[in-house]
Amino acid sequence: MGDSGGSLTSRSATGLRGLMDAVGFDDVDEAEALADGWQVSDFAEARPRSLGDLVRRTGAPAVMVTFLDSDIGFVEAVTPGGGTWEGLLNRTMAESYGIPLEQFPVEPAVTGALAWSTAAGLKGDEELIRKALTGSALFASELSALLSVALGIPGAQLPEPDDDEGDDEE
């Protein structure tokens, strides 16, 4: 069992990578532009206060998913007004790892996610948020992508289905 880094999504008028480096994220990839100033960037590690420090610098909400192996995602989100919420992605897999699910109750996470989305000036989809926080997937990154769409992040998209399964073409 090992840590597999994470992904951070925020709105920024400048490059997200430099800001992330400055507040303690390590091995930050170049940010991918989504839409309306929203960006997403992968990273190897984050210090405990990195997410809050980034939100203070940008003045914009941010959501971070830290992956355990590629199986589980720990979600943290912060708004400039101090609103926070946490969630867990891939609960069935998390339970098999021995992670106490009661530490990540679904209802407060759904409520927090909707409040975060509103504070970000977005329109969250409660049903999709719940699906992301309770669903199962082969990789937690699939649920992370669903969560981004559910939060209403402009330009966020679900991953393309893997059409290679069962193909015998050479």
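This one's a predicted model, so the numbers in the text were calculated from it and none came from an experiment.

Caption draft 1: Examining the packing of helix H5 (residues 126-134) against helix H6 (residues 140-151) more closely. With their axes 8 Å apart at the nearest point, H5 and H6 run at an angle of 160° to one another. When the axis of H5 is compared with that of H6, the two are roughly antiparallel. Here H5 runs over H6; the crossing is left-handed. In contact with Leu128, Ile129, Lys131 and Ala132 of H5, H6 contributes Leu143, Leu146, Leu147, Val149, Ala150 and Leu151. Partitioning the contact of H5 with H6 into residue classes produces nine nonpolar, no polar and one charged.

Caption draft 2: Layout of H5. Taken as a whole, H5 has its buried residues at Ile129, Ala132 and Leu133. Considered in projection along H5, the buried side chains sweep an arc of 95° and stay on one side of the axis. Set apart from the buried face of H5 by more than 90 degrees, the exposed residues are Glu127 and Lys131. Lining the buried residues of H5 we find strand E8 (84-89), helix H3 (91-96), helix H4 (106-119) and H6. Residue Asp125 occupies the N-cap position of H5, its side-chain oxygen lying 3.1 Å from the main-chain nitrogen of Glu127.

Calculation rules
- Residues numbered from 1 in each chain as written.
- Predicted model: local features only at pLDDT ≥ 70, side-chain atom pairs only at ≥ 80, totals over all residues.
- Heavy atoms only, no water.
- Axes fitted to C-alpha atoms, helices over the stretch in contact; angles between N-to-C directions.
- Helix = DSSP H or I, 4+ residues; strand = E, 2+ residues; numbered from the N terminus.
- Parallel < 35°, antiparallel > 145°, perpendicular 65-115°, else oblique.
- Left-handed = near helix turned anticlockwise from the far one by under 90°.
- Contact = heavy atoms within 4.5 Å.
- Nonpolar A, V, L, I, M, F, W, Y, C, P; charged D, E, K, R; others polar.
- Buried < 20%, exposed > 50% of the residue type's maximum accessible area, 1.4 Å probe, protein only.
- Arc of directions from axis to C-beta.
- Polar contact = N/O pair within 3.5 Å; in protein donor to acceptor, adjacent residues only side chain to side chain.

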